[in-house]
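# Survey of secondary and tertiary structure
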Amino acid sequence: MGAAMLSELATEIVVPVCAVIGIAFSLVQWVMVSRVKLTSERHASSANSSKNGYGDYLIEEEEGINDHSVVTKCADIQNAISEGATSFLFTEYQYVGIFMIAFAILIFLFLGSVEGFSMKSQPCTYDKEKMCKPALATAIFSTVSFLLGAITSVLSGFLGMKIATYANARTTLEARKGVGKAFIVAFRSGAVMGFLLAANGLLVLYIAINLFKLYYGDDWEGLFEAITGYGLGGSSMALFGRVGGGIYTKAADVGADLVGKVERNIPEDDPRNPAVIADNVGDNVGDIAGMGSDLFGSYAESSCAALVVASISSFGINHDFTGMLYPLLISSVGILVCLITTLFATDLFEIKVVKEIEPALKKQLIISTILMTVGIAIVTWIGVPSSFTIYNFGVQKVVKNWQLFLCVGVGLWAGLIIGFVTEYYTSNAYSPVQDVADSCRTGAATNVIFGLALGYKSVIIPIFAIAISIFVSFSFAAMYGIAVAALGMLSTIATGLAIDAYGPISDNAGGIAEMAGMSHRIRERTDALDAAGNTTAAIGKGFAIGSAALVSLALFGAFVSRAAITTVDVLTPKVFIGLIVGAMLPYWFSAMTMKSVGSAALKMVEEVRRQFNTIPGLMEGHAKPDYATCVKISTDASIKEMIPPGALVMLTPLIVGTFFGVETLSGVLAGALVSGVQIAISASNTGGAWDNAKKYIEAGASEHAMTLGPKGSDPHKAAVIGDTVGDPLKDTSGPSLNILIKLMAVESLVFAPFFATHGGLLFKIF
């Protein structure tokens, strides 16, 4: 079979060094952002006690562009947003922490009971002649890796939120110097989050593997089975982050839009609107913290899926550490590739006009994909033997290293295709969104019809791209090929996250400009940044959903192997009932999250109306609204409403596996995967299209757009209603569905030993 050119020692060095480079690069970007200060250093010492913990000020005094009252307002608004976001996340993490401890205990009890909490060695699952570590060890180490993944996921979301709230006012103030300066601040801030998350995820996983290896020794099957808890921890926290943050942000957004824009005819981020601070806080806790945890979960799960499948291949049997860590080597090279790519946006090319913003962001995706293709080729050539064997449902399949390269490559390029199809259907530069905007002439009803049709149509090409990726990667390298294809799609996660985080930072910057009373010219620049960010956020969601489909299928394959199921036959009643119930779960989940947003938004609308009607002088701008009450409504509603959808996802595999057995659970996983991907793509793109149709009318940048506007016209009001309907689709239900399908799959894999031993209680009784 041959050996890899890269030695074990070199692998031990390359992976952590790349992770450290990623962390160092993110810190360099943060230092560059922090150079944008509020006043000269001699004044800074007197005001070092800012509430959100940042002592330095927002921009240096520059002749002709600095107005201290505006700068002070920006600082105050930033403090309010940061405090609101921090307060919400701490409240959310208290509840999530209780769940985390309870679920960790559950993992230990379920997996420990497989062999009656025995400390005796047991025959290995795939080679009965060898002896492996006891089930109790798997229970302990799975619990530890679950907690590691959960803590890393929470940390990823929290750090992302802190960075975003640190950068939003800086982006606003830099917009006074030009759109290029503001773009660089927003993008660098996004890069801080992207590189921190990618590098931390890689480093923690690498350290965990090496620490676990001290106990497991040559039992790599047990070692990497225990490591799957890392992916479960990451995704379970991401679920609550996405759902809780999504409910928070959309409750505030819908409340602010319906009363402010439609009823009172005031701008989106007008400081008179009581829900405006809650809306800006929501951008950070939903689109930044939730999205960061989500993509970390995808990365952790795809890595764990690949490692589990590889542990029972020739890499695991021959103890080829370099080959075994091939998934981590891909991620390591991805960090270096993204580092080079980021320089194209921030240092090598300068944005001078508005129309260059969106192409600059799209170039990031293209450059990173091309460079990563070369990186994958090098890693595969030096890190993988010329041929090796992969376990494929009971038989060993011989795979060439060039075939493995194609598996990763097809995932990488499928991600780019999904990204550009998403952009076509959600950017107002193209006809689909312009048609949706045009439909607003005849009212909100036709707008909703056109938007739904667009969302359904946008599913076609991404599904074909995913299907081709699955066929190619499975043909070449079975389930391992699918797992590394998912990793290929996520290999440029640092750039993807930088682009994704850039959107909410720009959105906040626009809100701060409006609230601080800055000129229309500044607001136009921040709007241009935000419109580009809106499209790239949709692209990020497309990546997340596409990778989730591949990750879930790889985890499904690992679960089927681990649970000792030879075939999954849909014609058997046990499997078919699981299939049809699994296909229903995304609808149930979407119904819960949509209704949660609706009920929270209802309370918000009532509160905003109450303040407009009862606070004298509020509409005239003479009185200040009660922002804190609106923040509290969003916080309370999201914490309360995130629990039922989270419980549905987390409890379904446990209930089905325990009472109905592994065959029925395999049907549930397949059904949820197939229907969940379709609904997620459709919901995200429909919401994105409605949002950008509204922005298209508001901007009035073309003759066609001007015939539909201006703000306050009937077509514009119809577009606002469409955007309001789409908000929970694109920011709550849609993005959360990809976590549903991944989380159920990884949870089933972690609990597979228990289900295989004790599952199917009802069928045993009857």
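Above this text is the structure in question.
Just so it is clear, the structure is predicted and the values come from calculations on it, not from any experiment.

Moving on, we come to unusual backbone geometry. Even without being glycine, H319 reaches a positive phi, approximately 55 degrees. Phi is positive for A478, which is not a glycine, with a value near 50 degrees. Position of A478 among the secondary structure elements: in helix α15 (residues 460–490). Judged by relative accessible area, which is 0%, A478 ranks as buried.

Here G582 lies in helix α18 (residues 573–614). C-alpha separation for the pair G582 and K457, spaced 125 residues apart in sequence, amounts to 23 Å. If we ignore the near neighbours within four places in the chain, the residues touching G582 are V668, G671, A672 and S675.

Moving on, we come to the packing of aromatic side chains. One pass over the structure, following the stated rule, counts 28 aromatic pairs. When the ring of Y424 is compared with that of Y430, the centres are 5.5 Å apart and the planes differ by 50 degrees; the resulting orientation is tilted. Taking relative accessible area as the criterion, Y424 reaches 34% and is therefore assigned partly exposed. Ring pairing ties together the aromatic residues F99, F103, F110, F146, F240, F751, F754 and F755, which thus form one cluster.

This part takes up the pairing of strand β3 (residues 387–392). Of all the six residues making up β3, six are buried; the element is thus mostly covered by neighbouring parts of the structure. By the alternation rule, side chains of β3 split into S387, T389 and Y391 and F388, I390 and N392, which are all buried. Pairing between β3 and strand β4 (residues 395–400): six bridges, direction antiparallel. If you follow T389 over to β4, its bridge partner there is V398.

Conventions used here
- Residues numbered from 1 in each chain as written.
- Predicted model: local features only at pLDDT ≥ 70, side-chain atom pairs only at ≥ 80, totals over all residues.
- Heavy atoms only, no water.
- Helix = DSSP H or I, 4+ residues; strand = E, 2+ residues; numbered from the N terminus.
- Buried < 20%, exposed > 50% of the residue type's maximum accessible area, 1.4 Å probe, protein only.
- Contact = heavy atoms within 4.5 Å.
- Phe/Tyr/Trp six-rings, centres within 6.5 Å; stacked < 30°, edge-to-face > 60°.
- Pairing = 2+ DSSP bridges.

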